[in-house]
Amino acid sequence: MECLGVNGCGTGRTAGAAISSLESAGAGTGADSSMLGGCGPPLQVLLDQNRMIQVNLARGFWKGIGDIKEVLLPNAMGKDSNSTFYIEDKDRNFLLEDDNFFEDMTLLYQRQKVLFQRSCEQLKDVYKVEVMPTLNLQNSSPFGEFDEAGGVELYTQVLYNLLHMIGKDADRNGQFEMIEHLRKAFHIEPKEHLEIYNQVVSRAAPTVYLSLCLVEARDLQAKHISGTSDPYCTFYLTSDKSNPLSTTCKPKTLNPVWNETFNLELKDINSDRLHIDVWNFETISGEGKVVDKLRRISEVKDGRGLKQLISNTVAPPSADRLIGHVEIKIKDLPASGSNTWWSLYKIDGKVQKKDRGEVHLIQHLYIRAGKLIQHTRLLRALMSHELVTKGYTEYTWRDNFTRETLGILAQHAIQSKMSRVDTALTRFLVYSQVHEILPMDCRVFIPILEKLRKPVLANQIPDELVNEFHSTSEKLVQNFTTFIRKHRIHLGNSPAKYKIQLEAILQSLHILHTMKWRTRNDIVLQVEDALLASVREWFNFVVDKIPTEETCNNTKMKNLTRITHLLLADLQEGQKEYQSIFWETLNIDYVDISYREFDQNLTLITKSIIDKACDNMKPILFSEKNGLAVTSSLNVGTQLYELYLALQQFYSLGFSIFKSSKDNPDGAGGCALTSGCAGGLGETDEFTVFHSWFIKAVAKWLDIALYKAMVRIVKAVKLDDLKPVDELSNHTSSAIDVRTVLCQIRTFWLQLAWPDVETSYVFISRILDDVCRAIIFYADKMCAKAEEEKKIATIGSKNLHCTKEQCLAINNIDFVKSYINQFVSDLGIDKVLNKLEEQKGGLVAEACRKTIRTLMKNSIENVENQIFSILEEVGSKMAPTIEKFLFEGQVLSQDSEKKNLLEYLDENLIFLKKRLNPANFERVLSVMWAVSSASLSDILYKSIEKKKPPEFFLALYETFKILLNFFYGEKVPDDSNLLGTRKLLEIFSSSPAILLDTFYRERWTVQNKPETSHSPLGSVTLKFLITSSHLRVHVMNCKNLKPCSQLQRSQSQDISNTLNTFIRNSRLNKSSHNISRTLESKVDSVKDRMEAWRLNLQEARIRAHLSSNNGMATPYVTVKLVPGSAGSPVYSKVKTAIQQRKIKDLLFYFYPLNFTRTLFPIFDETFDLILPETIHRDKLFLLISVKDLGPLGDRILLGEAVIPVSEIKNCGNNTDLETSDQVELPLSFPGPSLLYIVTALQTRGSDLSREMRKWVNTQRRRILLP
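Residues numbered from 1 in each chain as written. Predicted model: local features only at pLDDT ≥ 70, side-chain atom pairs only at ≥ 80, totals over all residues. Heavy atoms only, no water.

**Considerations on the overall build of the protein chain**
Here is step 1 of the chain: Looking only at helices and strands, the protein chain features 37 helices and 21 strands.
Here is step 2 of the chain: The proportion of buried residues among the 1266 residues of the protein chain is 50%.
Here is step 3 of the chain: Contacts in the protein chain between residues at least 24 apart in sequence constitute 78% of all its contacts with a sequence separation of at least 6.
Here is step 4 of the chain: Element-wise, carbon and sulfur atoms account for 51% of the exposed surface of the protein chain, whose accessible area totals about 61,300 Å². (Helix = DSSP H or I, 4+ residues; strand = E, 2+ residues; numbered from the N terminus. Buried < 20%, exposed > 50% of the residue type's maximum accessible area, 1.4 Å probe, protein only. Contact = heavy atoms within 4.5 Å. Areas by Shrake-Rupley, 256 points an atom, 1.4 Å probe, with all protein chains shown as cover.)

Below you can see the structure in the form of structure tokens.
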């Protein structure tokens, strides 16, 4: 930045030295004279003449720079850097672990705050230099007031004025002091003064004039009958009564306004008086009739008017009547004149009258007029003398005139007939000229300009001074804008002193601005241009002293960070100190102007460097096999992240400026500096989207974060001694370390404060995925660690299959897993999704929410799978022991063995409960129950295949209930496998009678399910009636029967699946037991072949039937009372007749085709069944079967219906069956769920009767192939 006069040189020198000191390794405590080079001789001379100022300046300056250097260059004092991402070894491509990575990334944010505060202090030190122009005012005046001719004449005239002072309050006692002061001010030697004095004394006394202005009157006495008057004034001096003067007449008013000025020559100022009369103008209308005068009674307003009417009627006035008068002594007028209301009175020979009103007079004494230019020269001379003799410095003089100077100026102004506007104008002209040479306290201009504002706008300035006033104003504005341009220098020196000057300058500019039209070069635009120039000079100066054109990219970023902090500090300083005063006076947004210029220039020098740094950042991969080696060398430091934080603060302030101006367009722009601007920075197109420059860098930072997390995990697991961190905890130190790593990643993201919601969503998803990978990696490491410890550890009991180290590993994994939900919430995903919904709509936001929920669910499940993998391994080791206990317990069938199993489980559970947290212990319970249940199920299927007796299954069922109570107590879970196992045990431990009852009750239950209520196989309609021991059944009809072809297609797939499942389980159980009994295998093989042959034969008969029925059927109904007594499946059976067609051809009489084919047969037959007395009715069922008669005599089942006898209404003997309600029962086949019951009956073997075995085989075939 080039030097701009004296002040500009000071700025360049000090700021340059400050930045140079920041770049150096150390700094001295004194200021070398060579550092002042380039500023020019004026500043050097100034500092040579003010050596003490220079010494104090150097001390304060270098002290401040030392503080700044400590923050900006932490390594300058010989300390190691704590802000390095990684260290590259020269001998190999190997990345050393840096424990301070996360601390650096998170603590950098705190360092930024300290750095910012120090940068604010640095501004004061950078600007701080006492630039004080040293003027030699001791011998002669530098203001040039005596350069013009006529100085002696002016002195003579002023001396004459002092010898003939006017005004009652003139300081005649100080006349000698004023004359002496005048002589010194004009540099008149005593001898010369004596000569001039004698000449002045010999002159005649001056003629004094009185300037009289009759302004107005008020509350005058009414002289007309209407209550008004027509007033006018006459006045004269008592020394010249023969020449009175008068004002104009103001008709019909008691408060006239004249505003008329007169100049009166005084004969004798000591004896003259001013006499003023106020008259009412009377119109003489001649002789009028009394009647005509009385007609004016309507004009009367009050009693006084009525009295006046009568008086005028009786004795009409012949002349104007006096309202009142006043007489004033001239010698009593003060020097500054009089502006007073005077009371009017009237003496009528009796007493003095009152309430005559008042008159407003302005009176001034003067000797001559038109001496405005002469007064200007006098003011400049006296002011020069004051400044020289008192030694005032810049911005210190503020109307500090001595009493003598004020007396001289006052007499000269009074005798020259100068108004207050004239004196203000002369002061403005002189002060402005002097201010260019020696700046004075700018507050002196405010009252002067306030007095001149109205006259200037009203064009009341003398014509000869209008141009001079405007030219002087322009020069003053230029001087003020120069101050504004250098305001950083001034306020850096003495903020308290120069801030007052800045406020006064802005107020003065505001007043001047109101005096001129808004043009292209108006004052506001000039001030804005000055501010813009100041910002550019400061930016260029900083960039020159902190160069960005370096060979090392890290150095470039470091310098850019320093520049950004200085600019940010400057913005905050401007926001704090200048924003309000600029806005309140000239409506100029100081911070907005500064920010926009900084933003534009900072973008030009920053973006390209950031892009290059981001491109140079190479991917990093973690390879555990190669230790900490990476695929490529890395050359990145924290400087890029520090630069991001600095730019974040800078643009956060900019965003607050835009937001404030948008929300409050009529208020001052800019608001408090914020730490971040999460979300929605793209609300204005004017805001620089700086974060887009760092998108590549963020991805690399996340890579480094994941890499460091992996490295930390490896170290944490390695250093973990697998001991609880304290007595109340059940996790170890590595779990704390891993959660700390996650917290540091979270803190890093929050401090990053990424403003764009779309990329924030992507980055959070990436972070969540990386965290899941890190946790799973930690789980694997902990499992391996626990397994290593298990090999060298000694287990207290041979029955224990889990070590305390494994328990701690499980707890550690769960402890880390429990932080995932909070971690995602702390990342601010909800705010991001809400903002995304505002910008992109609900569908996009909901899809993103679903994705995040899926990621979280998968992450938690993946981590839980690691826990279950450990527990399943423990369960797999416990399975053989549990199966052994179960199997031996069933063989021996002794309670003591069962206790052994329970003791085994109890010992393991006590061990695990003591060392696992509640959630993991619940998982252990579920795993151990799964193992026990699987072992029990395995034994169950093996026992079913071996056709164990019911007693065996009953004992196994008791064991199952004991285990169920052991694990769950009364709260049995609703688990399908558990319920299926219990049902199988109940079935195979039951007797044949109970199995039959269960079979029919299961069919009744399935038949009443909603899915079978719509009768997919058709329905049969009946009437039932029980009378005593008889059951009467009336078969009415069937509806919507389905031929067997459709039945086979609808159910064959489900039955086939069930059969395959059962057969597969049997084969697996056989292979697990290694059954090698040859004879039994052969018998089973023959049985399987026979069964397959029967099924094939049945299918062939069905196909033959299908080929002839053409989608119809020849139905009939059988009614059975089941079960029978003594192991018989049926107690009694009846059937309906088959409907026949009436044909004449006897050839087909016995042929089956003569039967009626229909799907809606009507039977209308009644049967009477006798109920057995030996079987309780709750155990009896009525089985209704609908069959189809085939061409070969086959009777193919179309469907069955079951109804318990207990469900049939029991009536008396006299009840008619016709009155009973019809019951429509849906038809169905035995379902796959009955296969296990039939299989259980098959296991009874020889215990069943021949009929029962036949029934079982039939039911099995119907289940497998209807």
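Here the narrative resumes.
**A short note on the sheet that holds strand β18 (residues 1181-1189)**
Here is step 1 of the chain: Spatially, four strands are ordered β16-β15-β18-β19 in an open sheet, and the strand pairing comes out antiparallel. This sheet does not close on itself; its edge strands, each paired only once, are β16 (1132-1135) and β19 (1195-1204). Recorded for the sheet is a direction-independent mean angle of 20° between the axes of neighbouring strands.
Here is step 2 of the chain: In this sheet, β19 lies alongside β18 in antiparallel orientation, the contact comprising nine bridges. Opposite leucine 1189, over in β19, you have arginine 1195 as the bridge partner.
Here is step 3 of the chain: The strands touched by helix α33 (residues 992-1007) are β15 (1115-1122), β18 and β19; relative to β19, the strand with the most contacts, the crossing angle is about 90°. (Pairing = 2+ DSSP bridges. Axes fitted to C-alpha atoms, helices over the stretch in contact; angles between N-to-C directions.)

**Some words on the packing of aromatic side chains**
Here is step 1 of the chain: Considering all chains together, one arrives at 36 aromatic pairs under this definition.
Here is step 2 of the chain: Aromatic pair tryptophan 397 and phenylalanine 401: ring centres 5.1 Å apart, planes at 75°, arrangement edge-to-face.
Here is step 3 of the chain: On the accessibility criterion, tryptophan 397 (1% relative accessible area) is buried.
Here is step 4 of the chain: We classify phenylalanine 401 as buried; its relative accessible area is 10%.
Here is step 5 of the chain: With 5.0 Å between their ring centres and 80° between their planes, tyrosine 644 and phenylalanine 694 make a pair best called edge-to-face. Of the two residues, tyrosine 644 is situated in helix α21 (residues 639-663) and phenylalanine 694 in the loop between α21 and α22 (695-719); the sequence distance between them amounts to 50 residues. Judged on exposure class, the residue tyrosine 644 and its partner phenylalanine 694 are both buried.
Here is step 6 of the chain: Arginine 739 extends its terminal NZ or CZ atom over the ring of phenylalanine 815, reaching a point 4.5 Å from the ring centre. (Phe/Tyr/Trp six-rings, centres within 6.5 Å; stacked < 30°, edge-to-face > 60°. Lys NZ or Arg CZ within 6 Å of the ring centre and 35° of its normal.)

**As for unusual backbone geometry**
Here is step 1 of the chain: Following valine 1122, the chain continues to proline 1123 via a peptide bond in cis, the omega torsion being -15°.
Here is step 2 of the chain: Unlike most non-glycine residues, aspartate 219 shows phi in positive territory, near 55°.
Here is step 3 of the chain: Within the fold, aspartate 219 resides in the loop between β3 (209-218) and β4 (231-237).
Here is step 4 of the chain: Exposure remark for aspartate 219: the relative accessible area of 55% places this residue in the exposed category.

**Concerning the pattern of salt bridges**
Here is step 1 of the chain: Taken as a whole and judged by the stated rule, the model has 27 salt bridges.
Here is step 2 of the chain: One salt bridge connects aspartate 441 with arginine 443, and the closest N-O pair in it is separated by 2.6 Å.
Here is step 3 of the chain: Arginine 485 is the partner of glutamate 537 in a salt bridge, and the nearest nitrogen-oxygen pair spans 2.2 Å. On the criterion of sequence distance, the pair formed by glutamate 537 in helix α17 (residues 523-545) and arginine 485 in helix α14 (residues 463-485) is long-range, its members being 52 residues apart.
Here is step 4 of the chain: Shared partners join several salt bridges into a network, and the residues in it are Asp703, Arg766, Asp770 and Arg773. (Salt bridge = Lys/Arg side-chain N within 4 Å of Asp/Glu carboxyl O.)

**A look at a nonpolar patch on the surface**
Here is step 1 of the chain: A cluster of nonpolar side chains, Met1090, Trp1093 and Leu1097, forms an exposed patch at the surface whose accessible area comes to about 310 Å².
Here is step 2 of the chain: Tracing the sequence through the fold places methionine 1090 in helix α35 (residues 1078-1109). (Patch = residues over 30% accessible without salt bridge, like charges linked within 9 Å, V, L, I, M, F, W, Y side chains within 5 Å.)

**Thoughts on the pairing of strand β6 (residues 257-265)**
Here is step 1 of the chain: Residues Trp258, Glu260, Phe262 and Leu264 line the buried face of β6, whereas the alternating positions Val257, Asn259, Thr261, Asn263 and Glu265 sit on a face that is not buried.
Here is step 2 of the chain: Bridge analysis of β3 against β6 gives seven bridges, and the strand direction is antiparallel. Residue pairing for β6: glutamate 216 is matched across the bridge by valine 257.

**Some words on the side chain of serine 989**
Here is step 1 of the chain: Along the polypeptide, serine 989 turns up in the loop between α32 (976-988) and α33.
Here is step 2 of the chain: According to the relative accessible area criterion, serine 989 is buried, its value standing at 14%.
Here is step 3 of the chain: Excluding anything up to four places from it in sequence, serine 989 contacts Pro950, Phe953, Leu954 and Tyr957.

**Describing the packing of α32 against helix α36 (residues 1235-1242)**
Here is step 1 of the chain: At a minimum axis separation of 9 Å, α32 and α36 run at an interaxial angle of 35°. As for how α32 packs across α36, the hand of that crossing is right-handed. Between α32 and α36, the contacting residues are Leu984, Ile987 and Phe988 on the first element and Tyr1236, Ile1237, Thr1239 and Ala1240 on the second.
Here is step 2 of the chain: Here the residues of the contact of α32 with α36 are counted per class, giving six nonpolar, one polar and no charged. (Left-handed = near helix turned anticlockwise from the far one by under 90°. Nonpolar A, V, L, I, M, F, W, Y, C, P; charged D, E, K, R; others polar.)

**Some words on the sheet that holds strand β5 (residues 240-246)**
Here is step 1 of the chain: In space, the four strands of this open sheet follow the order β5-β4-β7-β8, with antiparallel pairing throughout. If you trace the sheet from one side to the other, it starts and ends with β5 and β8 (321-329), each paired once. The mean angle between the axes of side-by-side strands here comes to 20°, regardless of whether they run parallel or antiparallel.
Here is step 2 of the chain: The pairing of strand β7 (residues 273-280) with β8 spans eight bridges and is antiparallel. By the bridge assignment, isoleucine 276 is partnered in β8 with valine 326.

**Observations regarding the packing of helix α10 (residues 372-390) against helix α11 (residues 403-415)**
Here is step 1 of the chain: Packing of α10 against α11 leaves a shortest axis separation of 11 Å and a crossing angle of 180°. Taken as axis vectors, α10 and α11 run roughly antiparallel relative to one another. Contacts between α10 and α11 involve Gln374, His375, Leu378, Leu379, Leu382 and Glu386 from the first element and Thr405, Ile408, Leu409, His412 and Ala413 from the second.
Here is step 2 of the chain: For the contact of α10 with α11, the class distribution of residues is six nonpolar, four polar and one charged. (Parallel < 35°, antiparallel > 145°, perpendicular 65-115°, else oblique.)

**Observations regarding the layout of surface pockets**
Here is step 1 of the chain: Estimated volume of the second largest pocket: approximately 1,000 Å³.
Here is step 2 of the chain: Taken together, 33 residues line the second largest pocket, and the ones lying closest to its centre are Met418, Ser419, Arg420, Val421 and Thr423.
Here is step 3 of the chain: Counting residues per element, the lining of the second largest pocket draws most heavily on helix α12 (residues 420-437), which supplies seven residues.
Here is step 4 of the chain: Split by residue class, the lining of the second largest pocket holds 16 nonpolar, eleven polar and six charged. (1 Å grid on protein atoms, 1.4 Å probe; cavity = no way out; pocket = protein on both sides within 12 Å on 5 of 7 lines; lining within 4 Å. Points joined across faces, edges and corners; volume = space filled by probe spheres on them.)

**Things to note about helix α7 (residues 190-201)**
Here is step 1 of the chain: The end-to-end C-alpha distance of α7, which contains twelve residues, comes to 16 Å, matching closely the 16 Å that a straight helix rising 1.5 Å per residue would cover.
Here is step 2 of the chain: Looking at the buried residues of α7, the elements they touch are α5 (151-163) and α6 (175-185). (Expected span 1.5 Å × (residues − 1).)

**Points about the environment of threonine 740**
Here is step 1 of the chain: Residue placement: threonine 740 occurs in helix α23 (residues 733-752).
Here is step 2 of the chain: Linking threonine 740 and valine 816, residues 76 residues apart in sequence, is a C-alpha distance of 9.9 Å.
Here is step 3 of the chain: Engagement of the side chain of threonine 740 in a polar contact is seen with the backbone oxygen of isoleucine 736, the distance being 2.7 Å. (Polar contact = N/O pair within 3.5 Å; in protein donor to acceptor, adjacent residues only side chain to side chain.)

**Notes on the nonpolar core**
Here is step 1 of the chain: With 227 residues, the main nonpolar core has Phe445, Leu452, Ile484, Phe582, Leu640, Phe694 and Trp701 as its most contacted residues.
Here is step 2 of the chain: With 14 residues, helix α24 (residues 757-792) is the largest single contributor of residues to this core.
Here is step 3 of the chain: When sequence neighbours within four positions are dropped, the list of residues in contact with phenylalanine 582 reads Ile484, Leu502, Leu506, Val527, Leu531, Asn587, Ile588 and Tyr590.
Here is step 4 of the chain: Formed by 35 residues, the second largest nonpolar core is a distinct cluster that contains Leu1041, Val1119, Phe1163 and Val1205. (Core = buried A, V, L, I, M, F, W, Y, C linked by side-chain atoms within 4.5 Å.)

**What to know about α10**
Here is step 1 of the chain: Its 19 residues give α10 an end-to-end C-alpha distance of 27 Å, which sits within 8% of 27 Å, the value for a rise of 1.5 Å per residue.
Here is step 2 of the chain: Where α10 ends, the next residue or the one after it, glycine 391, has phi of about 65°, a positive value.

**Side note on the confidence of the model for the protein chain**
Do not read the predicted coordinates in detail wherever pLDDT is low.
Here is step 1 of the chain: When pLDDT is averaged across the protein chain, the result is 74; 71% of the residues are at 70 or more.
Here is step 2 of the chain: Below pLDDT 50 for its whole length, residues 1-101 participates in 184 contacts with residues either more than four positions away or in separate chains. (pLDDT = per-residue confidence, 0-100.)

**Focus: the side chain of threonine 481**
Here is step 1 of the chain: Within the secondary structure layout, threonine 481 lies in helix α14.
Here is step 2 of the chain: When its relative accessible area of 11% is taken as the criterion, threonine 481 is described as buried.
Here is step 3 of the chain: Not counting the four nearest positions on each side in its chain, threonine 481 is found in contact with Gln526, Val527 and Ala530.

**Some thoughts on the environment of glutamate 1224**
Here is step 1 of the chain: Its location among the elements puts glutamate 1224 in strand β21 (residues 1222-1226).
Here is step 2 of the chain: Sequence-wise, glutamate 1224 and serine 1015 are 209 residues apart; in three dimensions their C-alpha atoms are separated by 9.7 Å.
Here is step 3 of the chain: Within the local environment of glutamate 1224, its side chain forms a polar contact with the side chain of serine 1019, the two groups lying 2.6 Å apart.

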